[in-house]
Amino acid sequence: MSWLMSLNPWLVLVVAGLFEVMWASGIKYVGVQRPLISVGVVLALVASMVGLWIATQKLPVGTAYAVWTGIGAVGAAAVGIVVYGEPATAVRAVCILLIVAGIVGLKLFSGAH
């Protein structure tokens, strides 16, 4: 487990955020009739949380959590548009870009390297 702690916390946080996108996007199909999807969602959820925990060992908790949820929100919105056919309006695009700007700002100004 110590090798996990030696990884770049920002890289771990991004990977954890991608796992969050996976479980958040797949949760729509969780159920008894879809056991493999359900297990995949649970595994992605656990991986996401573990990654967030690892990242918070070296990054400020507020910054890590905001970046993690931002990656999840932007990713889930993108999956919703591309995979599930949700509306891709200009207003949604601007809001997604604002979230991305917030994530970048937190990374640049967090004081953690």
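Below is a summary of the structure that appears in this document. (Residues numbered from 1 in each chain as written. Predicted model: local features only at pLDDT ≥ 70, side-chain atom pairs only at ≥ 80, totals over all residues. Heavy atoms only, no water.)

**A closer look at the nonpolar core**
Phase 1: Membership of the largest hydrophobic core is limited to 12 residues, which are W10, L13, A16, V21, L52, A55, L59, A64, V67, W68, I71 and I103.
Phase 2: Mapped onto this core, the elements with two or more residues apiece are α2 (9-26), α3 (35-56) and α4 (61-82).
Phase 3: In contact with V67, not counting residues within four places along its chain, are W10, L13, I103 and L106. (Core = buried A, V, L, I, M, F, W, Y, C linked by side-chain atoms within 4.5 Å. Buried < 20%, exposed > 50% of the residue type's maximum accessible area, 1.4 Å probe, protein only. Helix = DSSP H or I, 4+ residues; strand = E, 2+ residues; numbered from the N terminus. Contact = heavy atoms within 4.5 Å.)

**A closer look at the packing of α4 against helix α5 (residues 90-109)**
Phase 1: Two elements in contact, α4 and α5, have axes separated by 9 Å at closest approach and are oriented at 155 degrees. On the basis of their axis angle, the class for α4 and α5 is roughly antiparallel. Regarding α4 and α5, the two cross each other, and that crossing is left-handed. Residues T63, A66, V67, G70, I71, A73, V74, A77 and I81 of α4 touch α5, and the partners they reach there are R92, I96, I99, V100, I103 and L106.
Phase 2: Partitioned by chemical class, the residues of the contact of α4 with α5 number 12 nonpolar, two polar and one charged. (Axes fitted to C-alpha atoms, helices over the stretch in contact; angles between N-to-C directions. Parallel < 35°, antiparallel > 145°, perpendicular 65-115°, else oblique. Left-handed = near helix turned anticlockwise from the far one by under 90°. Nonpolar A, V, L, I, M, F, W, Y, C, P; charged D, E, K, R; others polar.)

**So, α5**
Phase 1: Under the 1.5 Å per step criterion, the end-to-end length of α5 is 28 Å for 20 residues, consistent within 8% with the ideal 28 Å.
Phase 2: Count one or two residues on from α5 and you reach G111, which has phi positive near 80 degrees. (Expected span 1.5 Å × (residues − 1).)

**With respect to the packing of α3 against α4**
Phase 1: Between α3 and α4, the least distance of the axes is 9 Å, while the angle of their chain directions is 150 degrees. The two elements α3 and α4 cross, and the hand of that crossing is right-handed. Along its contact with α3, which presents S48, M49, L52 and T56, the element α4 presents V61, A64, Y65 and W68.

**Points about the environment of G17**
Phase 1: With respect to the helices and strands, G17 occurs in helix α2.
Phase 2: The spacing of G17 and S2 is 15 residues in sequence and 21 Å in space, taken between C-alpha atoms.
Phase 3: Residue contacts for G17: discarding those within four places in its chain leaves W68, I71 and G72.

Nothing here speaks to function; it is geometry throughout.
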